[in-house]
Amino acid sequence: MSTRQQRDECPVWFVRAISNCYPGSAEVLRSVFHELNEMLATGLRPCSYGHGIKCIYIYLAMSFDDGPHCRTNLIIAPEGMKLRPAEYYPTLLTMHSAEQIEREQLYLRPRFAIGPLRRSTGEINVTISFEREFSFLPPERQRGLIAEYACTALRRIAVRNGKCGYGFESMIADFEAVTGAWRERNG
């Protein structure tokens, strides 16, 4: 079975939102997009969850630094803050000076940006943003946080879309088992 077929049948799939990252996350992300996605494709049971959702795409948006003119350092907005995109920069100005924002290329983002269920396709897009400091954590801690944040996003999707007749509880339990096996495999 090809990767494309597996992705089309898998109810959760990790996607790279920004192609760059700090070097400390490169190997972990390779493992997510190759090894973990493969494990999800074989370890999740889409036929047993129902047909309300076809796929939840989890985009991982990483901070990165490719030189003085090509970098993005994400600052994660406090959890309770409900901001529209137009409010990101003015809010960031209350946290950092304009000079520091420009010098360090800081961008305020929520940890989780969860889109609506597209009824026509059965798809949901989620973006999970990661601050610069994430890439300086040990790889096993990075894997743990990716799994934890993804589970948090899936639980929020379940609450938001609980009436669509989808077996979220079973899918999340299977997802946690697969991510647990992935973490054990990688130390």
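An account of the accompanying structure is given in this report. (Residues numbered from 1 in each chain as written. Predicted model: local features only at pLDDT ≥ 70, side-chain atom pairs only at ≥ 80, totals over all residues. Heavy atoms only, no water.)

Let's shift gears to the overall build of the protein. Per the secondary structure count, the protein includes 6 helices and 7 strands. N-terminal to C-terminal, the α/β element order of the protein is α-β-α-β-β-β-α-α-β-β-β-α-α. On C-alpha atoms alone, the protein measures out to a radius of gyration of 17 Å, which is about the 16 Å that the 2.2 N^0.38 rule sets for 187 residues. Its C-alpha atoms give the protein principal-axis dimensions of about 55 × 35 × 25 Å. Sequence separation of 24 or more characterises 73% of the internal contacts of the protein that already satisfy a separation of 6 or more. Carbon and sulfur atoms make up 52% of the accessible area of the protein, which totals about 9800 Å². Computing the positive centroid from 23 side-chain charges and the negative centroid from 21, the protein places the two 5 Å apart. (Helix = DSSP H or I, 4+ residues; strand = E, 2+ residues; numbered from the N terminus. Rg over C-alpha atoms; globule rule 2.2 N^0.38 Å. Contact = heavy atoms within 4.5 Å. Areas by Shrake-Rupley, 256 points an atom, 1.4 Å probe, with all protein chains shown as cover. Lys, Arg positive; Asp, Glu negative; His and termini not counted. Charge placed at Lys NZ, Arg CZ, Asp CG, Glu CD.)

Quick look at the sheet that holds strand β4 (residues 71-76) now. The strands making up a sheet associate through hydrogen bonds between their backbones, and the pairing can be parallel or antiparallel. Overall, mixed pairing links the 3 strands, which are arranged β3-β4-β5 in an open sheet. Both edges of this open sheet fall to β3 (64-65) and β5 (106-109), since each of them pairs with a single strand only. Across 4 bridges, β4 lies against β5 in parallel orientation. Opposite L74, over in β5, you have Y107 as the bridge partner. (Pairing = 2+ DSSP bridges.)

Among the secondary structure elements, I58 is positioned in strand β2 (residues 55-62). In this structure I58 comes out as buried when scored by relative accessible area, which is 0%. Separated by 44 residues in sequence, I58 and F14 have C-alpha atoms that sit 4.7 Å apart. Residues in contact with I58, not counting those within four places in the same chain, are V12, W13, F14, V15, V126, I128 and A150. (Buried < 20%, exposed > 50% of the residue type's maximum accessible area, 1.4 Å probe, protein only.)

A word on the packing of aromatic side chains. What the rule picks out here adds up to 7 aromatic pairs. Look at Y166 and F168: their rings are 5.0 Å apart centre to centre, the planes differ by 65°, and that puts the pair in the edge-to-face class. The buried category is assigned to Y166, whose relative accessible area is 8%. (Phe/Tyr/Trp six-rings, centres within 6.5 Å; stacked < 30°, edge-to-face > 60°.)

What follows is about the sheet that holds β2. In space, the 4 strands of this open sheet follow the order β1-β2-β7-β6, with mixed pairing throughout. If you trace the sheet from one side to the other, it starts and ends with β1 (12-16) and β6 (112-114), each paired once. Each strand of the sheet is rotated relative to its neighbour by a mean of 20°, with strand direction disregarded. Strand contacts of helix α2 (residues 23-43): β1 and β2, with the helix running at about 155° to β1, the strand carrying the most contacts. (Axes fitted to C-alpha atoms, helices over the stretch in contact; angles between N-to-C directions.)

Attention now moves to the nonpolar core. In this structure, F14, I56, L60, I146, F168, M171 and F175 are the most contacted members of the largest nonpolar core, which totals 46 residues. Where this core is concerned, the elements lending two or more residues are β1, α2, β2, β6, β7 (123-130), α5 (139-160) and α6 (168-185). Considering every element that reaches this core, the biggest residue donor is α5, with 9 residues. With sequence-adjacent residues up to four places away left out, L60 is seen in contact with F14, V15, R16, A17, I18, L29, V32, F33, I128, F130 and I146. (Core = buried A, V, L, I, M, F, W, Y, C linked by side-chain atoms within 4.5 Å.)

Honestly, that's just the spatial picture; any functional story needs more than this.
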